[in-house]
Amino acid sequence: MGWGRSWGPSCCPGARSRCSSNTVLTGAGVWFAVALALLALVRVPWIAGVLLVATGIGWVVVLSVLNAQVQVNIPAWVRARAPAVYLTVFQGGMAVGAALWGADAEWTTVAGASLAAAVVLAAGSAVGWRLAVPDVPLDRSTLAREAPGIDASASTPS
């Protein structure tokens, strides 16, 4: 997953220039679900390695789009606090999810828990498609022109 996490950000700008945020989020979620399902079934180490890279790409694409959406869609007065709450809830959800999937893996098998997680992830991606995130430009340099009062120069390196 580490290599995928490193390569994933290079996929975001191209995908975002051609597709909406919602399409990118749904596509990355389905990508992750398919790779996870295949990972549960494969027994060849090098294929598993390739699938782990694929899951890392899907993971980081979803996170980067969601993080950008949080930053762009919240009011300026709460812009520093909202990501902290978002990340706390997100990480708490990951901790609870890890415990639940771990218990499922103990009760069934690791492959069974992984397949179940892939199904839940695919279903979550379908629900996410229906509950679309706002499709706003994620490039903060355009915000100053579109929303007076936002200093875009504060977010761009000098």
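Residues numbered from 1 in each chain as written. Predicted model: local features only at pLDDT ≥ 70, side-chain atom pairs only at ≥ 80, totals over all residues. Heavy atoms only, no water.

Q: Give a detailed account of the overall build of the protein chain, specifying residues and quantitative values.
A: Helices and strands together make up the secondary structure of the protein chain, namely six helices and zero strands. Counting helices and strands in the order they occur from the N terminus, the protein chain gives α-α-α-α-α-α. Counting across all 158 residues of the protein chain, residues that qualify as buried make up 31%. Sequence separation of 24 or more characterises 69% of the internal contacts of the protein chain that already satisfy a separation of 6 or more. In the structure as shown, the protein chain presents an accessible area of about 9700 Å², 72% of it carried by carbon and sulfur atoms. (Helix = DSSP H or I, 4+ residues; strand = E, 2+ residues; numbered from the N terminus. Buried < 20%, exposed > 50% of the residue type's maximum accessible area, 1.4 Å probe, protein only. Contact = heavy atoms within 4.5 Å. Areas by Shrake-Rupley, 256 points an atom, 1.4 Å probe, with all protein chains shown as cover.)

Q: Outline the packing of helix H3 (residues 45-73) against helix H4 (residues 82-107), supporting the account with residue identities and numerical values.
A: Packing of H3 against H4 brings their axes to within 10 Å, and their N-to-C directions diverge by 150°. With respect to their mutual orientation, H3 and H4 come out roughly antiparallel. In this structure, H3 crosses over H4, and the sense of that crossing is right-handed. Here H3 contributes Trp59, Leu63, Leu66, Asn67, Val70 and Gln71 to the contact with H4, which in turn contributes Pro83, Tyr86, Leu87, Phe90 and Met94. (Axes fitted to C-alpha atoms, helices over the stretch in contact; angles between N-to-C directions. Parallel < 35°, antiparallel > 145°, perpendicular 65-115°, else oblique. Left-handed = near helix turned anticlockwise from the far one by under 90°.)

Q: Account for the packing of aromatic side chains, with residues named and values stated.
A: Following the criterion strictly, the structure yields three aromatic pairs and no others. Between Phe32 and Trp59, the ring centres sit 6.4 Å apart and the planes meet at 50°, which makes this aromatic pair tilted. You can see Phe32 sitting in helix H2 (residues 21-41) and its partner Trp59 sitting in helix H3, a full 27 residues away along the chain. Between Trp59 and Phe90, the aromatic rings sit 6.2 Å apart at their centres with planes inclined by 45°, giving tilted as the arrangement. A residue pair is termed long-range when its members are at least 10 positions apart, and Trp59 in helix H3 and Phe90 in helix H4 qualify at 31 residues. Its relative accessible area of 32% is what places Trp59 among the partly exposed residues. Of the residues examined, Phe90 reaches a relative accessible area of 25% and is grouped as partly exposed. Cluster of aromatic residues (ring-pair linked, three or more members): Phe32, Trp59, Tyr86 and Phe90. (Phe/Tyr/Trp six-rings, centres within 6.5 Å; stacked < 30°, edge-to-face > 60°.)

Q: How would you summarise H2 if you had to cite specific residues and measurements?
A: With 21 residues, H2 ought to run about 30 Å at 1.5 Å a step, and its terminal C-alpha atoms sit 30 Å apart, in line with that. Buried residues of H2: Ser21, Asn22, Val24, Leu25, Thr26, Ala28, Gly29, Phe32, Ala33, Ala35, Leu36 and Ala40, and no others. (Expected span 1.5 Å × (residues − 1).)

Q: I'd like a rundown of the nonpolar core, residues and numbers included.
A: Counting residues in hydrophobic clusters, the biggest one holds seven residues: Val24, Leu25, Ala28, Val53, Ile57, Val61 and Val65. Of all the secondary structure elements, the ones that give two or more residues to this core are H2 and H3. No other element matches H3, which puts four residues into this core. (Core = buried A, V, L, I, M, F, W, Y, C linked by side-chain atoms within 4.5 Å.)

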